[in-house]
Amino acid sequence: MPELLRNAHYVVTVDPVAQLARVTRSALPSESPAQFEERWMEVSRALDLTGRTGLSLLVDLRAAVGRNDPAFEVAMQRLKPIVMRGFRRVAILVRTTVGALQIHRHLREDGVERMIGSDEAQLLEYLSGAPRRGR
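The rules we used
Residues numbered from 1 in each chain as written. Predicted model: local features only at pLDDT ≥ 70, side-chain atom pairs only at ≥ 80, totals over all residues. Heavy atoms only, no water. Helix = DSSP H or I, 4+ residues; strand = E, 2+ residues; numbered from the N terminus. Buried < 20%, exposed > 50% of the residue type's maximum accessible area, 1.4 Å probe, protein only. Pairing = 2+ DSSP bridges. Axes fitted to C-alpha atoms, helices over the stretch in contact; angles between N-to-C directions. Contact = heavy atoms within 4.5 Å. Salt bridge = Lys/Arg side-chain N within 4 Å of Asp/Glu carboxyl O. Expected span 1.5 Å × (residues − 1). Bend = angle between axes of the 7 residues up to and from the residue.

Draft legend 1. The arrangement of unusual backbone geometry in detail. Residue Gln19 is not a glycine yet carries a positive backbone phi of 55°. Relative to the assigned elements, Gln19 resides in the loop between β2 (10-15) and β3 (20-25). Overall, Gln19 belongs to the partly exposed group, its relative accessible area being 36%.

Quick look at the structure:
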């Protein structure tokens, strides 16, 4: 897959044949909420360059170190709609049940449909069969 972005925290790739954008998080923790926000905005700009229309998005958070302190929570709530807007469907790949629970909590707060799980093949199947979603 062509690589659109690589920094210490994220790799962004796009597979035009599968119509799939993939954001993979590294294990390196963010030093501050400002750095966290800066890196996610880099991801969003990379996704803008390729165009989101017609693509599904897989966010792979398996290596991520979880954060739930208030400043990071506020930043995540602000960034999610910016990064995840415009895709047919979105799936979040997690390693643990705790990670899935944290993502589910965010879902309840923003109401955006996403599939969350630890089975990559199942998430990819969900993303590949996605009908266009109105936004």
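Draft legend 2. Spotlight on the sheet that holds strand β1 (residues 3-6). The sheet built from six strands is open, its strands ordered β1-β2-β3-β4-β5-β6 with mixed pairing. Edge positions in the sheet fall to β1 and β6 (115-117), since each of these pairs with one other strand and no more. Pairs of neighbouring strands in the sheet enclose a mean axial angle of 15°, with direction left out of account. Where β1 meets β2, three bridges bridge the pair, whose relative direction is antiparallel. The residue bridging Arg6 from the neighbouring strand is Val11, located in β2. Along the sheet, helix α1 (residues 33-50) contacts β1, β2, β3 and β4 (56-60); its crossing angle with β2, the most-contacted strand, is approximately 15°. Of the strands in this sheet, β3, β4, β5 (90-93) and β6 are in contact with helix α4 (residues 120-128), which crosses β5 at around 175°.

Draft legend 3. Molecular detail of the pattern of salt bridges. For the structure shown, the criterion picks out 10 salt bridges. We note a salt bridge from Glu3 to Arg6, for which the minimum N-O separation is 2.8 Å. What makes Glu3 partly exposed here is its relative accessible area of 44%. The shortest N-O distance in the salt bridge between Glu120 and Arg22 comes to 2.7 Å. Highlighted residues: Glu120 in helix α4 and Arg22 in strand β3, separated in sequence by 98 residues. Residue Glu120 is classed as partly exposed on the basis of its relative accessible area of 23%. Through salt bridges that share partners, Arg22, Asp60, Arg62 and Glu120 make up one connected network.

Draft legend 4. Up close: helix α2 (residues 70-84). When the terminal C-alpha atoms of α2 are compared, their 21 Å separation across 15 residues agrees well with the 21 Å that a helix rising 1.5 Å per residue should span. The axis of α2 is deflected most strongly, by about 30°, at Arg78, and proline Pro81 appears within four residues downstream. Turning to α2, its buried residues number three or more, namely Phe72, Glu73, Ala75, Met76, Leu79, Lys80, Val83 and Met84. The positive-phi residue at the C-terminal boundary of α2 is Gly86, with phi of around 85°.

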